[in-house]
Amino acid sequence: MEVMVEQIVVYGIVFLLCIIIIFFYVRKKKTASKITEKKIAIAKEEGLYEPVSLHPYINLNTCIGSAACVAECPEKDILGIIDGKAAVINASNCVGHGACFHNCPVEAISLRIGTETRGVDLPHINQNFETNMRGIYIAGELGGMGLIKNSVEQGQQAIESIVQSKNIGKKEVYDVAIIGAGPAGISATLACKKYNLSYITLEQDSLGGTVFTFPRSKIVMTSPMDLPLYGKAKLYDTSKDELLSLWQKIITKHDIKINENTKVEDIVPQSDGTFKVITKNEECYLCSNVLIAIGRRGSPRKLNIPGEESQKVAYRLLEPEHIMNENIIVVGAGDSAIEASLLLKDHNKVIQVVRTETLTRCKPKNREKILDANEKGEVQLLYESNLISISHDSCTVKMDREDTIREFPNDRVFIFAGGELPTNFLEKAGVQITKRFGYVVKKHS
Ligand SMILES: Cc1cc2nc3c(=O)[nH]c(=O)nc-3n(C[C@H](O)[C@H](O)[C@H](O)COP(=O)(O)OP(=O)(O)OC[C@H]3O[C@@H](n4cnc5c(N)ncnc54)[C@H](O)[C@@H]3O)c2cc1C
């Protein structure tokens, strides 16, 4: 009898312990779900919920809520868990690492471009990276597949396809014109040198493409990749500087030329099957093939005002910590402009030139911060105004509200007037584009 009572007590304690464990487990899950739901609500409010490019799509019928995707994603708050299933949070910040896809134990994740309601323009490319226009090839993120390693591999493969096409070796015509010097364009340039092709590489900005714009402190996640003329680059978690200096080292060693600050405006097919590649400065290059490796981020829109070509004008802010005691004009009313003003305001005198009457095209938090800074006199917001000219040490602003023109002392100008997407550029060259809705991208390693 005594033994039975003891057993009942032991079972009772075990049962109670189980209940307590289950209670805390369920409570933890519920709290985690609530946190994810809150993050999604904020992402929606800030316009970060809708994916802009490659992103994970979760099949809720297959997902078992292992959270492997959340643990493996190297970026912050792209994925979370709600009620035991994975959920996308800040989808527009996804850069397409694909770690979620590779690590899901039940294959509940696919990588997609566009959603059911929001299409994304993708050019037509065959397995050789050639478009519908014979002789025009596309490599890298523009074709839909992001990441440094993929772009590097595609750049090289596209050049190998050109070599195999035998459409090379014409007199006084470049074999290839490469447009863009991001990971894909750099790799393609190295491959041209490796295969002895005559080439010209034209980059509107600086060598490195999107990598050049990464913050210095960012950990660049990648995996070993084959670089033409170098071999296997055994990189995993690296830095922007390490990657850029590796590329620079190979370029210098092989005496390769990349034309920076040279924007291509047009690719004009010629009747003999060659192409005229025309730059913004109206230089013109004749070539048998064109490799477009311009990524998906587009070109910054210019204001086309006198003085805009000055060295003191920039279209992005890379190292605010190095800018001190300057008179700065920031043009624009979007998040990039506001964030630049906020980063610069503590050590400089910042004037932000805004075309509109109010700030409507930005995240609520940014609006709050910049209005507060304006009120405290840390930043001067000039509404209904337009920058009309830039000179060595001043800028002229047309103030529509007061119907006046004012001159401000100035050391530096940042213009954030949006960007021109690559779609128009491709269509002008005859490249076919289709809007893709929830297009499943093939598995990549
Ligand atoms: C915030 C962020 C973080 C990321 N982190 C990682 C990471 O950790 N690991 C990773 O693998 N990937 C990461 N990526 C993705 C990676 O940067 C891109 O997938 C990769 O750079 C794409 O390479 P690309 O050569 O196709 O294009 P890009 O790097 O975009 O280069 C395109 C180049 O073409 C130039 N160009 C455009 N138009 C013209 C024109 N008309 N004339 C001349 N030149 C032109 C541009 O100036 C640019 O230099 C990240 C991306 C972002 C935005």
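The structure presented is a predicted model; accordingly, all values stated were derived computationally and were not measured.

### Observations concerning the overall build of the protein chain
- Looking only at helices and strands, one finds 9 helices and 27 strands in the protein chain.
- Each principal axis of the C-alpha atoms in the protein chain carries an extent, and together these give about 105 × 65 × 40 Å.
- By sequence separation, contacts in the protein chain at least 24 residues apart represent 66% of the contacts at least 6 residues apart.

### Details of the site of the ligand
- Not every one of the 34 residues close to the ligand is listed here, only the nearest: Gly140, Gly180, Gly182, Gly209 and Gly295.
- Elements supplying a minimum of two residues to the shell around the ligand: α4 (148–165), α5 (183–194) and β9 (219–221).
- Across the shell around the ligand, the residue classes break down as 16 nonpolar, 12 polar and 6 charged.

### Brief notes about the domain arrangement of the protein chain
- According to the domain assignment, the protein chain contains domain 1 (2–113), domain 2 (121–298 + 422–437) and domain 3 (313–418).
- Contact residues are listed per partner, giving 7 residues for domain 1 and 7 residues for domain 2.

### Concerning the environment of leucine 387
- With respect to the helices, strands and loops of the structure, leucine 387 is situated in strand β21 (residues 385–390).
- In this structure, leucine 387 is in contact with Leu303, Ile305, Ile329, Val331, Val353, Cys395 and Val397, ignoring residues within four places of it in sequence.

### Some thoughts on α4
- With 18 residues, α4 extends 26 Å from end C-alpha to end C-alpha; this agrees with the ideal 26 Å at 1.5 Å per step.
- For α4, the complete set of buried residues consists of Ile148, Asn150, Ser151, Val152, Glu153, Gln154, Gly155, Gln156, Ala158, Ile159 and Ile162.
- Buried residues along α4 sit against β6 (136–138), β7 (174–179), α5, β10 (225–227) and β15 (284–292).

### So, the nonpolar core
- One finds Val176, Ala177, Ile179, Ala188, Val290, Leu291 and Ala293 to be the most contacted residues of the largest nonpolar core, which totals 48 residues.
- No other element matches α5, which puts 6 residues into this core.
- The residues touching alanine 177, leaving out its near neighbours within four places in the chain, are Ile200, Leu202, Val277, Tyr285, Cys287 and Val290.
- Counting 31 residues, the second largest nonpolar core, distinct from the first, contains Ala333, Val353, Ile390 and Val413.

### Quick word on the sheet that holds strand β17 (residues 313–314)
- With parallel pairing, the 5 strands of this open sheet are ordered in space as β17-β24-β18-β19-β20. Edge strands, defined here as strands with exactly one partner in the open sheet, are β17 and β20 (379–382).
- In this sheet, strand β24 (residues 412–415) lies alongside strand β18 (residues 327–331) in parallel orientation, the contact comprising 4 bridges. Along β24, the bridge assignment pairs valine 330 with phenylalanine 414.

About the criteria used
- Here the residue numbers are simple positions, counted from 1 along each chain's written sequence.
- Local features in this predicted model are restricted to residues of pLDDT 70 or higher, and side-chain atom pairs are both shown and tallied only at a pLDDT of 80 or more, whereas totals for entire chains, interfaces and linings draw on every residue.
- The way it works is that DSSP assigns letters per residue, a run of H or I at least four long becomes a helix, a run of E at least two long becomes a strand, and they are numbered from the N terminus.
- With C-beta atoms placed from the backbone, a contact is any residue pair whose C-beta atoms sit within 7 Å.
- By convention here, the C-beta atom is placed from the backbone, and a residue is near a molecule or strand when that atom is within 6 Å of it.
- Nonpolar residues are Ala, Val, Leu, Ile, Met, Phe, Trp, Tyr, Cys and Pro. Charged residues are Asp, Glu, Lys and Arg, and all others, Gly as well, are polar.
- The split of the chain into domains comes from an automatic or database domain assignment.
- To estimate the expected span of a helix, count its residues, drop one, and scale the result by 1.5 Å.
- Neighbour density around each residue's C-beta defines its exposure: 20 or more other C-beta atoms within 10 Å make it buried, 12 or fewer make it exposed, and counts between make it partly exposed, where C-beta atoms are placed from the backbone.
- Residues enter a nonpolar core if they are buried, belong to Ala, Val, Leu, Ile, Met, Phe, Trp, Tyr or Cys, and are joined to the set through C-beta atoms within 7 Å.
- By the convention used here, strands pair only if DSSP detects at least 2 bridges between them.

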